[in-house]
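Coordinate analysis (summary)
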Amino acid sequence: MFQQVRYLLLQVRNSDDPMRGQEVNCFAKALAANVSQISVFDLLKAPLLEFDLADIDMILIGGSGHYSAAGEGRWLEVALESLRVVHDSRKPTFASCWGFQAMARAMGGRVIHDLNRAELGVHHVTLTSEGRADPVFGPSGPVLQGLMGHEDTVVELPPRTELLASTDRVENQAYRFLDRPIYCTQFHPELDHDSFLGRLTSYPEYVHKIAGLTLEEFRHTIHDTPETTALLKRFVEQIAPMYLDQN
């Protein structure tokens, strides 16, 4: 199954961002897929159109090194409209971090910049009753550990969504659309210990800003979170096939 899926990764990253390629590799590893299965679409260069999804089975949306879903600007208007195209397509979609925030805002939710609720590193994520009953989240157990790094926070979910998980600091940590095969997480199921530290090496300013530590001090707090990585695989195994068979 995993070897047959054609993925499209939507990115919001500068051309010189070394995490552009790393993000592709991370999703490929987490999905047990080949890098060649993942095409990339740069939302900073052009709007996504319906025909761009014609040969795609599943859509991925990841993080962003320098762009906020809580801001304003023409680039964001284009990106949010592109995510509405994704929503309209009914294609299986998994969004993390910036993708989680941007999809919420695109579909009528609210995102704010709030350093008081910023999270960095490994955090405990508690499932709601809906999350515990969900076929993707439930098998991982009532409390997960997720790797995350964010300053923006979704304070209001879009209509027709269901909250799946929360942390002590941030209520909206994961949600799914009730009428679409779209799952969104504030944390990064696609990252592991090494790739997360790779992100921090590229964006070291966030470590002191959010955690108040040096990178060397902070690196000892990071570990793999296999229970959240498993979410991506279960999404492909259990949710995506119901929609792929219709196309």
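None of the values given here were measured: they were computed from a predicted structure.

What to know about the packing of aromatic side chains
When we look at a pair of aromatic rings, we describe it by the centre distance and by the angle of the planes. Throughout the structure, instances matching the rule amount to eight aromatic pairs. Measuring from ring centre to ring centre gives 6.3 Å for Phe 137 and Tyr 183, while their planes differ by 10°; the resulting arrangement is stacked. Highlighted residues: Phe 137 in the loop between helix 4 (129-133) and strand 7 (143-150) and Tyr 183 in strand 11 (residues 182-185), separated in sequence by 46 residues. Accessibility classification places Phe 137 together with Tyr 183 in one group, the buried group. On the basis of an interplanar angle of 70° and a centroid distance of 5.4 Å, the ring pair of Tyr 183 and Phe 235 is categorised as edge-to-face. Placement of Tyr 183 in strand 11 and of Phe 235 in helix 8 (residues 226-244) is noted, with a sequence separation of 52 residues between them. Take Tyr 183 and Phe 235: they sit in the same class, and that class is buried.

Re the environment of His 193
With respect to the helices and strands, the residue His 193 is situated in helix 5 (residues 193-202). Each C-alpha atom, one on His 193 and one on Arg 234, is 21 Å from the other, the two residues being 41 residues apart in sequence. Beyond its immediate stretch of four places on either side in the chain, His 193 contacts Leu 147, Arg 219, Ile 222, His 223 and Asp 224.

Regarding helix 1 (residues 19-31)
Spanning 13 residues, helix 1 covers 18 Å between terminal C-alpha atoms, matching the ideal 18 Å at 1.5 Å per step. Taken as a whole, helix 1 has its buried residues at Met 19, Gln 22, Glu 23, Val 24, Cys 26, Phe 27, Ala 28, Ala 30 and Leu 31. After helix 1 finishes, the residue Ala 32 shows a positive phi value of roughly 55°.

Some remarks on the sheet that holds strand 10 (residues 174-177)
Two orientations exist for strands paired in a sheet by backbone hydrogen bonds: parallel and antiparallel. Across the sheet, which stays open at both edges, the nine strands sit in the order 2-1-3-4-11-10-9-6-7 with mixed pairing between neighbours. One side of each edge strand has no neighbouring strand; the edge strands of this open sheet are strand 2 (38-42) and strand 7. Averaged over all adjacent pairs, the angle separating strand axes in this sheet is 25°, with direction ignored. Where helix 2 (residues 74-89) meets the sheet, it contacts strand 1 (7-11), strand 3 (58-61), strand 4 (93-96), strand 10 and strand 11, and its direction lies at approximately 150° from that of strand 3.

Concerning the pattern of salt bridges
Applying the stated rule across the entire model yields 16 salt bridges. The partner of Arg 13 in a salt bridge is Glu 23, and the shortest N-O contact between them spans 3.2 Å. Separated by 10 residues along the polypeptide, Arg 13 in the loop between strand 1 and helix 1 and Glu 23 in helix 1 bring together distant segments of the chain. For Glu 23, a relative accessible area of 0% translates into the label buried. Residues Arg 160 and Asp 179 are paired through a salt bridge, measuring 3.6 Å at the closest nitrogen-oxygen approach. Of the two residues, Arg 160 is situated in the loop between strand 8 (152-156) and strand 9 (161-166) and Asp 179 in the loop between strand 10 and strand 11; the sequence distance between them amounts to 19 residues.

Remarks on the side chain of Asn 172
Mapped onto the elements of the fold, Asn 172 is located in the loop between strand 9 and strand 10. For Asn 172, a relative accessible area of 6% puts it in the buried group. Engagement of the side chain of Asn 172 in a polar contact is seen with the backbone oxygen of Val 154, the distance being 2.9 Å. The contacts of Asn 172, once residues within four sequence positions are left out, are Phe 100, Val 154, Val 155, Glu 156, Leu 157, Leu 163, Ala 165 and Gln 186.

Conventions we followed
Residues numbered from 1 in each chain as written. Predicted model: local features only at pLDDT ≥ 70, side-chain atom pairs only at ≥ 80, totals over all residues. Heavy atoms only, no water. Phe/Tyr/Trp six-rings, centres within 6.5 Å; stacked < 30°, edge-to-face > 60°. Helix = DSSP H or I, 4+ residues; strand = E, 2+ residues; numbered from the N terminus. Buried < 20%, exposed > 50% of the residue type's maximum accessible area, 1.4 Å probe, protein only. Contact = heavy atoms within 4.5 Å. Expected span 1.5 Å × (residues − 1). Pairing = 2+ DSSP bridges. Axes fitted to C-alpha atoms, helices over the stretch in contact; angles between N-to-C directions. Salt bridge = Lys/Arg side-chain N within 4 Å of Asp/Glu carboxyl O. Polar contact = N/O pair within 3.5 Å; in protein donor to acceptor, adjacent residues only side chain to side chain.

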